[in-house]
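Listed below, chain by chain, are the residues.
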Amino acid sequence: EAGVVQSPRYKIIEKKQPVAFWCNPISGHNTLYWYRQNLGQGPELLIRYENEEAVDDSQLPKDRFSAERLKGVDSTLKIQPAELGDSAVYLCASSMFTDTQYFGPGTRLTVL
Amino acid sequence: GESVGLHLPTLSVQEGDNSIINCAYSNSASDYFIWYKQESGKGPQFIIDIRSNMDKRQGQRVTVLLNKTVKHLSLQIAATQPGDSAVYFCAEIVRNEKLTFGTGTRLTIIP
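What you are looking at is a predicted structure, and each value in this text was computed from that prediction instead of being measured.

S.K.: Is there a simple way to think about unusual backbone geometry in this case?
M.R.: With glycine set apart, most residues show a phi of negative sign, and most peptide bonds adopt trans. Here the amide bond leading from Ser7(A) into Pro8(A) is cis, since omega sits at -5 degrees, within 30 degrees of zero. For Pro8(A), the location among the structural elements is in the loop between strand S1 (5-7) and strand S2 (10-13). The step from Gln80(A) to Pro81(A) runs through a cis peptide bond, and the omega angle for that step is -5 degrees. Even without being a glycine, Arg61(B) presents a positive backbone phi close to 65 degrees. You can see Arg61(B) is positioned in the loop between strand S6 (56-58) and strand S7 (62-67). At Lys71(B), a residue that is not glycine, the phi angle is positive and equals roughly 55 degrees. Examined against the element boundaries, Lys71(B) turns out to sit in the loop between S7 and strand S8 (72-77). Looking at Lys71(B), the relative accessible area reads 25%, which means it is partly exposed.

Structure, rendered in structure tokens:
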């Protein structure tokens, strides 16, 4: 069974530029999560979807971050404009309802 | 602030020995705990979980112990192998809400 797929794996951009990350969850998983992981720390939840509905986006900086999961499968996380402090690994995870979350490999973002 | 934390940021263990990674939590309402392993350049990988109504759970070479009295969780890895080198996170869920991770412990296996 394929795991969670994320792309790109690495992204380097200059500050104030936009960037987007894509995630394809495990087939059949209705719940999708986006996390941000700073160096040396554990992942922190940005947003959680149940199907196409964002049920928890309380930690998403809405002034510059946006996310969508239009058909309840794939999801895109966007940052516009990026700031230096946005450099981190962005992880996508999926689960069946609130069961065990399975993580993708992440996208390492570097903002210069 | 974070309610889940780890006692030691790094741990070095001789290959073949047993490893014990500790974790403290502060939320007495936490009802589900998970240990994840994260290798360099990869996402966290599920290892083992335990619910608050249990004290111990065993998997293949891994055992998780939960002490609710002192709000302490540990991960024991038996007969460590080079492939066990990674950062280990404990994480908690309170009432089916979001997963909260601790900082992590880096485990290094010495050949």
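Having seen the model, we can carry on.
S.K.: Can you help me understand the nonpolar core in this one?
M.R.: Considering soluble globular proteins, one finds that nonpolar side chains tend to be buried as a cluster. Grouped together as the largest cluster of nonpolar side chains are 21 residues, with contacts concentrated most on Phe21(A), Trp34(A), Leu77(A), Ile79(A), Tyr90(A) and Leu109(A). Each residue touching Leu77(A), except ones within four places of it in the same chain, is listed here: Val19(A), Ala20(A), Phe21(A), Trp34(A), Leu46(A), Leu60(A), Phe65(A), Ser66(A), Ala67(A) and Tyr90(A). Counting residues in hydrophobic clusters, the runner-up holds 20 residues, among them Phe33(B), Ile48(B), Leu75(B) and Tyr88(B).

S.K.: What am I meant to see in the pattern of salt bridges here?
M.R.: Summed over the entire model, instances satisfying the criterion amount to eight salt bridges over all chains. When the shortest N-O distance is used, the salt bridge between Arg57(B) and Asp49(B) registers 2.1 Å. Judged by relative accessible area, Asp49(B) falls into the buried class, the value being 11%. One salt bridge in this structure joins Arg61(B) and Asp84(B), with 2.9 Å as the shortest N-O distance. Here Asp84(B) lies in the loop between S8 and strand S9 (86-93) and Arg61(B) lies in the loop between S6 and S7, a separation of 23 residues in the sequence. Classification of Arg61(B) by relative accessible area gives partly exposed; the value is 31%. When its relative accessible area of 6% is taken as the criterion, Asp84(B) is described as buried. Here the residues in one salt-bridge network are Arg64(A), Glu83(A) and Asp86(A), joined through shared partners.

What counts as what
- Residues numbered from 1 in each chain as written.
- Chains lettered and ligands numbered in written order.
- Predicted model: local features only at pLDDT ≥ 70, side-chain atom pairs only at ≥ 80, totals over all residues.
- Heavy atoms only, no water.
- Helix = DSSP H or I, 4+ residues; strand = E, 2+ residues; numbered from the N terminus.
- Buried < 20%, exposed > 50% of the residue type's maximum accessible area, 1.4 Å probe, protein only.
- Core = buried A, V, L, I, M, F, W, Y, C linked by side-chain atoms within 4.5 Å.
- Contact = heavy atoms within 4.5 Å.
- Salt bridge = Lys/Arg side-chain N within 4 Å of Asp/Glu carboxyl O.

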